[in-house]
Amino acid sequence: MPEFPRDRLHIFLQDVGRPEHYTSRPRPQTSLPPPRNREAHAQTLLAALNQALIGANAQAEARADAAEGGFYLQFKLAAGNEGFVQNLEDRRSHIELVSVKRGSEENAPIIATVFVPNRAANYFLRKIEAYQTEVTRRTQRPRHESLVNRIDTIALAVIRPFFTDEEDRLPAENEQIWWEVWLRAGLREQFRAASANLDIRFNVEDVIEFPEREVILAFSDLATLGAVLTRTDAIAEIRLAKDTPAMFLEMHNREQQDWLADLLGRLESPHADAVSVCVLDSGMTHTHPLLAVGIHPADVHTYDPTWGTGDSANWKGHGTAMGGVALYGDLQKALSTHVPIRLEHRLESVKMLHPAGKQHDPKLYGAVTAECVSRVEISAPHRPRAICMAVTSDFDDRRGRPSSWSATIDRLCFGDETARRLFLISAGNIGPERIPTANYLSRAAVEPIFNPAQAWNALTVGAFTEKTIITDPTFHGWTALAPNGDLAPTSRTSLTWERQWPIKPDLLCEGGNWATDGTTVCSPDDLGVLTTHHQPLLQQFDIIRDTSAATAKAANLAGRILAARPQSWPEMVRGMLVHSAEWTPRMLTHLNQNPTRQEKLAFLRRYGYGVPNYGRAIFSALNDATLVVEDSLRPFFRDAKGVVKTRDMHLHSLPWPRAELEALGATEVELRITLSYFVEPNPGDRGWNRRHRYASHGLRFAVKRSLETLSGFQARINGAIEREEQGLPADVGGDDWMLGSIRDLGSIHSDHWRGTGAELAARDAIAIYPVGGWWKEKPALARYDNTVRYALIVSIRATTGAIDIYTPIQAAVPVVVRFES
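Small disclaimer: the values here were computed from a predicted structure and weren't measured. (Residues numbered from 1 in each chain as written. Predicted model: local features only at pLDDT ≥ 70, side-chain atom pairs only at ≥ 80, totals over all residues. Heavy atoms only, no water.)

(A) Local environment of the overall build of the protein chain. Tallying secondary structure elements over the protein chain gives 22 helices and 31 strands in all. With 821 residues in all, the protein chain has 60% of them scored as buried. Across the protein chain, contacts joining residues at least 24 apart in sequence account for 82% of those joining residues at least 6 apart. Here the protein chain displays about 30900 Å² of accessible surface, and carbon together with sulfur accounts for 50% of that area. (Helix = DSSP H or I, 4+ residues; strand = E, 2+ residues; numbered from the N terminus. Buried < 20%, exposed > 50% of the residue type's maximum accessible area, 1.4 Å probe, protein only. Contact = heavy atoms within 4.5 Å. Areas by Shrake-Rupley, 256 points an atom, 1.4 Å probe, with all protein chains shown as cover.)

(B) Helix 16 (residues 597-607), seen in detail. Buried within helix 16 we find K600, L601, F603, L604, R605, R606 and Y607. The elements touched by buried residues of helix 16 are helix 12 (440-445), strand 18 (507-510) and helix 15 (585-588).

(C) Expanded view of helix 5 (residues 222-229). With six of eight residues buried, helix 5 lies mostly within the body of the structure. Among the residues of helix 5, those classed as buried are L222, T224, L225, G226, V228 and L229. In this structure, the buried side of helix 5 is in contact with strand 1 (70-77), strand 5 (177-184), helix 4 (188-194), strand 7 (213-220) and strand 8 (235-240). Where helix 5 begins, the capping side chain belongs to D221, and its oxygen is found 3.2 Å from the backbone nitrogen of A223. (Polar contact = N/O pair within 3.5 Å; in protein donor to acceptor, adjacent residues only side chain to side chain.)

(D) Inspection of the pairing of strand 13 (residues 346-351) at higher detail. With respect to burial, strand 13 is a largely interior element, six of its six residues being buried. Residues R346, E348 and V350 point to one face of strand 13 and L347, S349 and K351 to the other, with burial holding for every one of them. When strand 10 (residues 276-281) meets strand 13, the two strands line up parallel, connected through six bridges. Residue pairing across strands places L280 opposite V350, the latter belonging to strand 13. As paired elements, strand 11 (residues 300-302) and strand 13 share three bridges and run parallel to each other. (Pairing = 2+ DSSP bridges.)

(E) Layout of the packing of aromatic side chains. For the structure on display, the rule yields 15 aromatic pairs. Chaining the aromatic ring pairs together yields one cluster made of Y72, F115 and F162. (Phe/Tyr/Trp six-rings, centres within 6.5 Å; stacked < 30°, edge-to-face > 60°.)

(F) Spotlight on the nonpolar core. L280, F423 and L671 are the most contacted members of the largest nonpolar core, which totals 76 residues. Leave out the neighbours within four places in its chain, and L280 touches V350, M352, T369, C372, V373, I387, C388, M389, A390, V391 and F423. Judged by nonpolar contacts, the second largest core, of 56 residues, contains L424, L508, Y614 and I748. (Core = buried A, V, L, I, M, F, W, Y, C linked by side-chain atoms within 4.5 Å.)

(G) Region of interest: the packing of helix 10 (residues 365-379) against helix 11 (residues 404-414). Packing of helix 10 against helix 11 brings their axes to within 7 Å, and their N-to-C directions diverge by 30 degrees. Here helix 10 lies roughly parallel to helix 11, going by the angle between them. On helix 11, the residues touching Y365, G366, T369, A370 and V373 of helix 10 are S404, W405, T408, I409 and L412. Looking at side-chain class alone, the contact of helix 10 with helix 11 contains six nonpolar, four polar and no charged residues. (Axes fitted to C-alpha atoms, helices over the stretch in contact; angles between N-to-C directions. Parallel < 35°, antiparallel > 145°, perpendicular 65-115°, else oblique. Nonpolar A, V, L, I, M, F, W, Y, C, P; charged D, E, K, R; others polar.)

(H) Fine view of the sheet that holds strand 30 (residues 765-771). Pairing in this open sheet of three strands is antiparallel, and the strands run 26-30-28 from one edge to the other. If you trace the sheet from one side to the other, it starts and ends with strand 26 (650-653) and strand 28 (698-703), each paired once. The average angle at which neighbouring strand axes cross in this sheet is 20 degrees, direction not considered. Pairing geometry for strand 26 and strand 30, over four bridges, is antiparallel. What sits directly across from L651, in strand 30, is A767.

(I) Quick look at the pairing of strand 16 (residues 459-464). Counting buried positions along strand 16 gives six out of six residues, so the element sits mostly inside the fold. Residues L459, V461 and A463 line one face of strand 16 and the alternating positions T460, G462 and F464 line the opposite face, and both faces are buried. Of the pairings in the sheet, the one linking strand 16 to strand 18 comprises four bridges and is parallel in character. Counted as the bridge partner of A463 is C509 from strand 18.

(J) Spatial organisation of unusual backbone geometry. In this structure, the amide linkage connecting N451 to the following residue, P452, adopts the cis form with an omega of 10 degrees. For P452, the location among the structural elements is in the loop between helix 12 and strand 16. In this chain, K504 is followed by P505 through a cis amide linkage whose omega measures 0 degrees. Its location among the elements puts P505 in the loop between strand 17 (479-480) and strand 18.

(K) Spotlight on the side chain of S750. Of note, S750 is situated in strand 29 (residues 748-756). A residue is classified by how much of its surface remains accessible, and S750, at 1% relative accessible area, is buried. Reaching out from S750, the side chain makes a polar contact with the side chain of R672 at a distance of 3.1 Å. Excluding residues within four positions of it along the chain, S750 makes contact with V578, Y609, R672, I673, T674, L739 and R743.

(L) Main features of the sheet that holds strand 4 (residues 151-156). The strand order across the open sheet built from four strands is 2-3-1-4, with neighbouring strands paired in antiparallel fashion. Edge strands, defined here as strands with exactly one partner in the open sheet, are strand 2 (96-102) and strand 4. Neighbour to neighbour, the strand axes of the sheet diverge by 25 degrees on average, direction disregarded. Here eight bridges tie strand 1 to strand 3 (residues 110-117), and the two strands are oriented antiparallel to one another. By the bridge assignment for strand 3, F71 is matched with V116. Packed onto the sheet, helix 1 (residues 38-61) meets strand 1 and strand 4 and runs at close to 15 degrees relative to strand 4.

(M) Local environment of the packing of helix 1 against helix 2 (residues 123-133). Axis separation between helix 1 and helix 2 bottoms out at 9 Å; the angle between their running directions is 160 degrees. It follows from the interaxial angle that helix 1 and helix 2 lie roughly antiparallel. The handedness of the crossing between helix 1 and helix 2 is left-handed. Residues R38, E39, H41, A42, Q43, L45, L46, L49, N50 and L53 of helix 1 pack against F124, L125, I128, E129, Y131, Q132 and T133 of helix 2. Here the residues of the contact of helix 1 with helix 2 are counted per class, giving nine nonpolar, five polar and three charged. (Left-handed = near helix turned anticlockwise from the far one by under 90°.)

(N) The arrangement of the pattern of salt bridges in detail. The tally for this structure, following the rule as stated, stands at 41 salt bridges. Here R141 makes a salt bridge to E145, at a shortest N to O gap of 2.6 Å. Its relative accessible area of 44% is what places R141 among the partly exposed residues. R443 is the partner of E447 in a salt bridge, and the nearest nitrogen-oxygen pair spans 3.1 Å. (Salt bridge = Lys/Arg side-chain N within 4 Å of Asp/Glu carboxyl O.)

(O) A look at the environment of L661. The residue L661 is located in helix 18 (residues 658-663) in this model. Taking C-alpha positions, L661 is 4.5 Å from G757, a pair spaced 96 residues apart along the chain. For L661, the contacting residues outside a window of four places in its chain are W656, G757, A758, L760 and A761.

(P) Spatial organisation of the confidence of the model for the protein chain. Looking at the protein chain, pLDDT values average 85 and 86% of them are 70 or higher. Counting interchain partners and residues more than four positions distant, the pLDDT-below-50 stretch residues 1-30 has 93 contacts. Counted against residues more than four places away or in other chains, residues 814-821, with its pLDDT under 50, gives 16 contacts. (pLDDT = per-residue confidence, 0-100.)

Okay, structure coming up:
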């Protein structure tokens, strides 16, 4: 067994996911098929299907590529069959499930759209006829009963069910707008050819490519898109384009010019090759005296060269305000002290918002974001950086489901072997007109996080506050709305998301507070975050607040960690931020002493993993020792029969000071583990079940129990992999882990265990193991041989007393694990 935390030391367990006792399982089905009158149901479906085939034949006769083409069928199924729609797909016959839609009402039916090649036109006809006339040999039940009984109706597809945004956002039939058109991979030119001679305008500059989808922008109306549908097999789904990002900027000015010169005299600028924080926003006034010391003119960029690089009053100088916090963290503290201050990271800026702050031809903001990132990477390709973006949209609120923008950010983070990226994104703000004067947390519970902050691989940052003191006499009688240490009044949550989506926000940082007089709310300067103003000739300082301020603060922490550990992977910096986070005492008052699983999940979807701390992220203390490892494994392989199976599991030994821990007896210690990795996205609204999973793979961690043998530990992990692949609970935490399997959502997993020192002494091994994803379920895409990276962070802390844990661990680990800044 390897010593922890040596890099790339592990045990290979071939075919971890298929031990000898493994048996195959049926496909998951979320409900039993309803009872039917066999003959009547078959006749109804045959009549509907034959009518659809007549229409499909007419479409084929009008197409020049009919031999290679096909048509779309739309199946209506009752609610509760979400896990079954994948059975409408048959890859051997090239029949593809392209989209799944369900209304927002309770028990709304499911509409599944399926592409059928012309050469397989009779596929479903044969299934229904066999259901009508044949029985199975073993059960004497109608053949294909499980499939056919679940289908309520069948029809030739029309364009409306391809619309996968909320139904109430669907425009009128003849209203021309910009659409995101999601195409089946490789059929972009076919779509454009089918659109010839129709009133459709394309934005040819912005295209996003995913493994199974391509996304383009088209300006048209719904009726015209419906006409295109009869000419092409390319369309998978359509969504509304996102015109402008939604940002809430409530900033107030406070002149502090007499302190600026003093601060500049105490500053030590970052060196030329320092790491950076890159701000994607409204531009930046890089000549501001407090910013000029940390940003070089060559590091100021723009998406559109005609926009310039400077900040804009139309965006209230938001980019410059972000830069002040991203560079200094707490500018008010820096101004108030008299000690020298060393800036350890630089700034970069890319202007991604139109300077006029007006609506314009929409962009695929995923493509815009990717282009903005490429600007800084071309300019400084070898510079480690954290990318900070407080630009969000309220237009694509999909309860956590991926969008083209969020999936692009996931793809940028995942990158390749030479380029992985660290992204920090704001959770988005609740508008001040929607903030209640009492019980503001109830409003936050129903205000979902904005797009693209649902991105799996990004760090999504919400806001909390410690600002509660109001000194401005104008606000005499007003009180702070949020208590010290609680969620900021405007911060959004993921409480309304469907359960399978990641925990968001990941972190909370200071975002300021709001005040109330009992009848209305307002934002006094006292409760804001001090930063730099975009017009320094008029004033030096400004106020920023809410999740923008919080995201800039988190980016500042990321930059400082990168400066201390410039060789660390983005996965590691992300993991260190989460690992260092803790919930405030005020937050913990909202968690019952013995919370249920649902209560824990709701708590996480409001507060994430808490508030990060630079000192905890970087330094070990005598009673708090942290160990880290960066490693990689190959999660899957394809066997001789062509079946993709689970491959590697890594075991890391833990160099606990066994004698010292056993000597603690019943003294309580805390073990915390964080596992961070990036997934390759595969978006497209097709039900998100098994074959259509969004994530390429998943990784999990488990810790050997105190009375468990190593072989028993490995067997437990094998069983957990099996259960998870079957969609069954696979909680390998158990025994006093705070979160258990709740931690397994998303692509970063963190959990706490508390017990006695003696119990921890025998927990001396951690397993990192893979679970399924589309790399496994879609062998045709040939990703099963890929290797994935992960960052693992482990710490133990004595919760009471001044007990030296660090020194004996340092003696047991020849690799230095204490990080000095």
